[in-house]
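Residue-level structure breakdown
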Amino acid sequence: MKYYSTNKNAPMATLHEAVVKGLAPDRGLYMPERIPTLPASFFQHIEQLSFQEIACTVAEAFFGEDVEKEDLRRIVCDTLSFDCPIAQVDENIYALELFHGPTLAFKDVGARFMARLLQYFIRQEDAGRVNVLVATSGDTGSAVANGFLGVEGIHVYVLYPKGKVSRIQESQFTTLGRNITALEVDGVFDDCQRLVKQAFLDPELNAHLRLTSANSINVARFLPQAFYYFNAYARMKGLGKADKMVMCVPSGNFGNITAGLFGHEMGLPIHRFIAANNANDIFYNYLQTGRYEPKASIQTLANAMDVGDPSNFARVYDLYGGSHERITAYIGGATYSDDDIRETMLECHRRTGYVLDPHGACGYRALREQLRDGEAGVFCETAHPAKFKEKVDEILGADIAIPERLAAFMRGKKQSVELSREFEDFKAFLLKE
Ligand SMILES: *Cc1c(COP(=O)(O)O)cnc(C)c1O
């Protein structure tokens, strides 16, 4: 399978190249040249298959030409060391719980898959250690660090702004050790991102070190997220609820929902999608007006969705040939203020006992408001509420339990290297490594 750039101004890439490069040279996003479809027979009995079996079939369709069958199965099984089950919340509304992985958020799936696929490819090159640089304001760093933890041949540097990341988040990437180094930058998130970008452009650094990113736009991070949409369908089918299944995705950079849309193009019979936004309503406005107008992001309660120019919009646009009509025919939208989010979390908890996190709350609310007769809805619960314990406790007036694997991070010993926000310091540090 070859991959083209959404900007259509770069040569086609192999999967190997697309995974190592991340972004195409014309700064576009890689897209598979065709979308394989799965046979109707697969969907007929899908409810009898396990999550891992389903995921192997989906992975083979996309990556089977480029990765040895046995290796691919091993990569998929290693990635999915945890389940993505559905849980009933309301009569016709189910949560697809994507928080059972090591860092309790859906990004674990993509990060773990990418780490293993990157390792598979660099082993073939035999060209020495690869260094992954990642800037984080919290969530991405933990998913990437844990996804790559212990993966031989790859070292990860996580850059994060000193004092600007919650203790729970910080503990998830500063306590790991091994092939993970946390760099505590005396600055803000934008400084971290600037340091990473500058490093990729620095000829001297690149002559000494093999650098790559684990950005969420990487095909190896976003495509595997399709696995759990197939699983949601299978489990709903098992309940007799899949005839008109609506999938609702709390969205920020739109990687997660794009993977679901790819699933649909592969034949997955999802009736329609809803992208639920917080107050960052760029996609919502696009649906209303047909104009895509990025703006500066606004800080909200659901902060992993605070994106003012969602990268993967380019993929959605490309997937539907740039047609506003086709996009609006299949994808609906919603946008919610922080007050809406609080109200939804409280109402849902009081009435059903289910604890939503602020991101999942947007998804749940959109289904409550927009589900039509005969439809059943599934929303992605993208993170465990305990990741946002302070906020959630305050909103619900509760003291929610912290899962053991999160508590274990918090007991770990923090190890980090302090750095200024000057590029020269960062560069000198990397050259000494
Ligand atoms: C990253 C993230 C999102 C947004 O996902 P996208 O793929 O960027 O749309 C939503 N919820 C949580 C908890 C996240 O970490």
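Preceding block: the structure.
Quick summary incoming for the structure in this document. (Residues numbered from 1 in each chain as written. Predicted model: local features only at pLDDT ≥ 70, side-chain atom pairs only at ≥ 80, totals over all residues. Heavy atoms only, no water.)

If you tally the helices and strands in the protein chain, you get 20 helices and 14 strands. Over its C-alpha trace the protein chain gives a radius of gyration of 21 Å, about what one expects of a compact globule, namely 22 Å for 433 residues. Principal-axis analysis of the C-alpha atoms gives the protein chain an extent of 65 × 50 × 40 Å. Taken over 433 residues, the protein chain has a buried fraction of 58%. Considering only intrachain contacts with a sequence separation of at least 6, the fraction spanning at least 24 residues in the protein chain is 73%. For the protein chain, the computed accessible surface area is about 17200 Å², with 46% contributed by carbon and sulfur atoms. In the protein chain, 46 positive and 56 negative side-chain charges are present, and the distance between their average locations comes to 1 Å. (Helix = DSSP H or I, 4+ residues; strand = E, 2+ residues; numbered from the N terminus. Rg over C-alpha atoms; globule rule 2.2 N^0.38 Å. Buried < 20%, exposed > 50% of the residue type's maximum accessible area, 1.4 Å probe, protein only. Contact = heavy atoms within 4.5 Å. Areas by Shrake-Rupley, 256 points an atom, 1.4 Å probe, with all protein chains shown as cover. Lys, Arg positive; Asp, Glu negative; His and termini not counted. Charge placed at Lys NZ, Arg CZ, Asp CG, Glu CD.)

What follows covers the site of the ligand. Taken together, 15 residues surround the ligand, and among them Lys-107, Gly-252, Asn-253, Phe-254 and Thr-382 come closest. Between Asp-139 and the ligand, the recorded distance is 3.2 Å, taken from a side-chain N or O atom to an oxygen atom. The separation between a nitrogen atom of the ligand and a polar side-chain atom of Thr-382 is 2.8 Å. Out of a free accessible area of 380 Å², the ligand has 96% covered by protein chains. Looking at the shell around the ligand, its residues break down into 6 nonpolar, 7 polar and 2 charged. (Near = heavy atom within 4 Å. Polar contact = N/O pair within 3.5 Å; in protein donor to acceptor, adjacent residues only side chain to side chain. Nonpolar A, V, L, I, M, F, W, Y, C, P; charged D, E, K, R; others polar.)

Spatially, the 3 strands line up as an open sheet ordered β2-β1-β3, and their pairing is antiparallel. With one partner strand each, in any of the chains shown, β2 (13-14) and β3 (30-32) form the two edges of the open sheet. The sheet contact formed by strand β1 (residues 2-5) and β2 spans 2 bridges and is antiparallel. Residue pairing for β2: Tyr-3 is matched across the bridge by Ala-13. (Pairing = 2+ DSSP bridges.)

Let us now look at helix α5 (residues 107-125). Here α5 contains 19 residues, and its C-alpha end-to-end distance of 27 Å stays within 8% of the 27 Å for a straight helix at 1.5 Å per residue. Within α5, 16 of the 19 residues are buried, which leaves the element mostly enclosed by the surrounding structure. (Expected span 1.5 Å × (residues − 1).)

Across a sheet, strands are paired by hydrogen bonds formed along the backbone, either parallel or antiparallel in direction. Strand order in the open sheet formed by 5 strands is β9-β6-β7-β8-β14, with parallel pairing between adjacent strands. The open sheet has two edge strands, β9 (210-213) and β14 (417-419), and neither has a second partner. Within this sheet the neighbouring strands show an average axis-to-axis angle of 30 degrees, counted without direction. Across 4 bridges, strand β6 (residues 130-135) lies against β9 in parallel orientation. Bridging from a neighbouring strand, Val-132 pairs with Thr-212 of β9. (Axes fitted to C-alpha atoms, helices over the stretch in contact; angles between N-to-C directions.)

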